[in-house]
Amino acid sequence: MATKEKLRKSILNKIKKLSDDKLPNLDAYISDLESHLSTDKSPLSFSGIFKELELTELTSDLHKSREDHNYRIPQF
């Protein structure tokens with residue numbers, strides 16, 4: 001968290017030192033960057049990937065399935 005804050009402050013200090021004629025270019029660059037790095041995607045945007053998956057097959061008798069296949073305790 002502290003590293004992010006330091007980086008933000010460093011960037012802001014650099015911006016403050018820019019001449020006024022450079023600010024429109026910086027603004028255009030940041031706008032372009034925001035449009036390419038959109039983080040506003042909803043988690044549901046990936047839901048179509050799983051449309052053919054039957055979750056009941058994975059969850060029914062889950063405890064029995066785990067006992068049978070994955071979590072066998074070795075017998076000594």
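Residues numbered from 1 in each chain as written. Predicted model: local features only at pLDDT ≥ 70, side-chain atom pairs only at ≥ 80, totals over all residues. Heavy atoms only, no water.

**Regarding the overall build of the protein**
Phase 1 of the analysis: Regarding its fold elements, the protein presents 4 helices and 0 strands.
Phase 2 of the analysis: Starting at the N terminus and ending at the C terminus, the protein contains elements arranged as α-α-α-α. (Helix = DSSP H or I, 4+ residues; strand = E, 2+ residues; numbered from the N terminus.)

**With respect to a nonpolar patch on the surface**
Phase 1 of the analysis: On the surface, Y29, I30, L33 and L37 cluster together into a nonpolar patch covering about 390 Å² of accessible area.
Phase 2 of the analysis: Its place among the elements puts L37 in the loop between α2 (23-36) and α3 (55-59).
Phase 3 of the analysis: On the basis of relative accessibility, which here comes to 54%, the residue L37 falls in the exposed class. (Patch = residues over 30% accessible without salt bridge, like charges linked within 9 Å, V, L, I, M, F, W, Y side chains within 5 Å. Areas by Shrake-Rupley, 256 points an atom, 1.4 Å probe, with all protein chains shown as cover. Salt bridge = Lys/Arg side-chain N within 4 Å of Asp/Glu carboxyl O. Buried < 20%, exposed > 50% of the residue type's maximum accessible area, 1.4 Å probe, protein only.)

**What to know about α2**
Phase 1 of the analysis: If you check α2, its first and last C-alpha atoms are 20 Å apart, about what 14 residues at 1.5 Å a residue would give, namely 20 Å.
Phase 2 of the analysis: Of all 14 residues making up α2, only 0 are buried, and the element is barely covered by its neighbours. (Expected span 1.5 Å × (residues − 1).)

**Structural notes on the confidence of the model for the protein**
Phase 1 of the analysis: Averaged over all residues, the pLDDT of the protein equals 75, while 49% of them reach at least 70.
Phase 2 of the analysis: Of all the helices and strands in the protein, α3 carries the lowest mean pLDDT, 64, while helix α1 (residues 2-17) carries the highest, 92. (pLDDT = per-residue confidence, 0-100.)

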